[in-house]
Amino acid sequence: NVEIAFRPDGKIISWSLDSLEFQVWDPFSGKQIETFTDSIELCSFIVSHDGHLLAVTDGRKVSIREPSTGKHFYLEKSFESCLMMAFSPNDMILATLSLSRGNLIVDLWDLPTHELRSSLNVAGRKIQFSEDGKCFCTGHEIYHIETDAEGHLVSVAADVDPIRVKDGW
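Predicted, not measured: the structure shown is a model, and the values here were computed from it.

(A) Structural view of the sheet that holds strand 5 (residues 44-47). Spatially, 5-6-7-8 is the arrangement adopted by the four strands of the open sheet, whose pairing is antiparallel. In this open sheet, the two edge strands, each paired with only one partner strand, are strand 5 and strand 8 (71-74). Here the average twist between neighbouring strands, direction ignored, is 20°. With four bridges connecting them, strand 6 (residues 54-57) and strand 7 (residues 62-66) associate as antiparallel partners. Note that in strand 7 the partner of Val56 across the bridge is Ser63.

(B) Structural context of unusual backbone geometry. Phi angles above zero are rare outside glycine, and Arg101 is one such case at about 50°. For Arg101, the position within the fold is in the loop between strand 10 (93-100) and strand 11 (103-110). Here Arg101 falls in the exposed class, since its relative accessible area comes to 76%. Backbone geometry places His114, a non-glycine residue, at a positive phi of 70°. Mapped onto the secondary structure, His114 falls in the loop between strand 11 and strand 12 (115-122). On the accessibility criterion, His114 (34% relative accessible area) is partly exposed.

(C) Region of interest: the confidence of the model for the chain. Overall, the prediction assigns the chain a mean pLDDT of 86, with 90% of residues at 70 or greater. The weakest mean pLDDT in the chain belongs to strand 2 (residues 13-18) at 68; the strongest belongs to strand 11 at 97.

(D) The arrangement of the nonpolar core in detail. Formed by 16 residues in total, the largest nonpolar core has its most connected members in Ile93, Val106, Leu108, Val122, Ile127, Phe129 and Phe136. Residues Ala55, Val62, Phe73 and Leu94 belong to the second largest nonpolar core, which totals 13 residues.

(E) Quick peek at the packing of aromatic side chains. In total, this model carries three aromatic pairs according to the counting rule given. Taking the centre distance of 5.2 Å and the plane angle of 90° together, the rings of Phe22 and Phe45 count as edge-to-face. A residue pair is termed long-range when its members are at least 10 positions apart, and Phe22 in strand 3 (residues 21-26) and Phe45 in strand 5 qualify at 23 residues. On the basis of relative accessibility, which here comes to 6%, the residue Phe45 falls in the buried class. Taking the centre distance of 5.8 Å and the plane angle of 45° together, the rings of Phe129 and Phe136 count as tilted. Each of the two residues, Phe129 as well as Phe136, counts as buried. Taken together, the ring pairs in this structure connect Phe129, Phe136 and Tyr143 into an aromatic cluster.

(F) Structural view of the pattern of salt bridges. Summed over all chains, the structure comprises three salt bridges. The partner of Asp107 in a salt bridge is Lys77, and the shortest N-O contact between them spans 2.5 Å. Here Asp107 is found in strand 11, whereas its partner Lys77 is found in the loop between strand 8 and strand 9 (81-87), with 30 residues between them in sequence. When the shortest N-O distance is used, the salt bridge between Arg117 and Asp110 registers 4.0 Å. Take Asp110: its relative accessible area is 0%, and that puts it in the buried class. Residues joined by salt bridges that share partners form a network here, namely Asp110, Glu115 and Arg117.

(G) Expanded view of the sheet that holds strand 16 (residues 153-158). Strand order in the open sheet made by the four strands is 13-14-15-16, with antiparallel pairing throughout. What marks the edges here is a single partner per strand, and that holds for strand 13 (128-129) and strand 16. Here three bridges tie strand 14 (residues 135-137) to strand 15 (residues 142-147), and the two strands are oriented antiparallel to one another. Residue pairing in the sheet places Cys137 in a bridge with Ile142 of strand 15.

Conventions and cut-offs
Residues numbered from 1 in each chain as written. Predicted model: local features only at pLDDT ≥ 70, side-chain atom pairs only at ≥ 80, totals over all residues. Heavy atoms only, no water. Pairing = 2+ DSSP bridges. Helix = DSSP H or I, 4+ residues; strand = E, 2+ residues; numbered from the N terminus. Axes fitted to C-alpha atoms, helices over the stretch in contact; angles between N-to-C directions. Buried < 20%, exposed > 50% of the residue type's maximum accessible area, 1.4 Å probe, protein only. pLDDT = per-residue confidence, 0-100. Core = buried A, V, L, I, M, F, W, Y, C linked by side-chain atoms within 4.5 Å. Phe/Tyr/Trp six-rings, centres within 6.5 Å; stacked < 30°, edge-to-face > 60°. Salt bridge = Lys/Arg side-chain N within 4 Å of Asp/Glu carboxyl O.

Shown next, in the form of structure tokens:
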């Protein structure tokens, strides 16, 4: 099973060749830059916007890796089934979408502190942050995110009226 992800600079490709090994390649020179392993079997992974972090899941656990240093940590939760992950544009928040007892749950994690900051029951099956990182949607709902001056998650609120008419439109 091979998963492929591109770093935001477009120059480096990162992929897993088997369930425990990642390789980072320079697609222009064709040279392998680094190899590292993880202790969980891969279900999926995503690359942060700045290209410095990987979020890796086997469906039950999520590991955050910093390939350049080899540092990593696990989120303090065992998932019934982690379906999707997304980094906020500033890479300070990781959103995980999981299934728990038949309910869809979005957990929002503060990555610098490794803390779970919010857990929401949702209806949609996707996670997408706005470009400015002030909102995210699940496909059916929109949520507003408040962060402090450093970018740490402070609060999350559902948008009860996501469609508005503005300036005569």
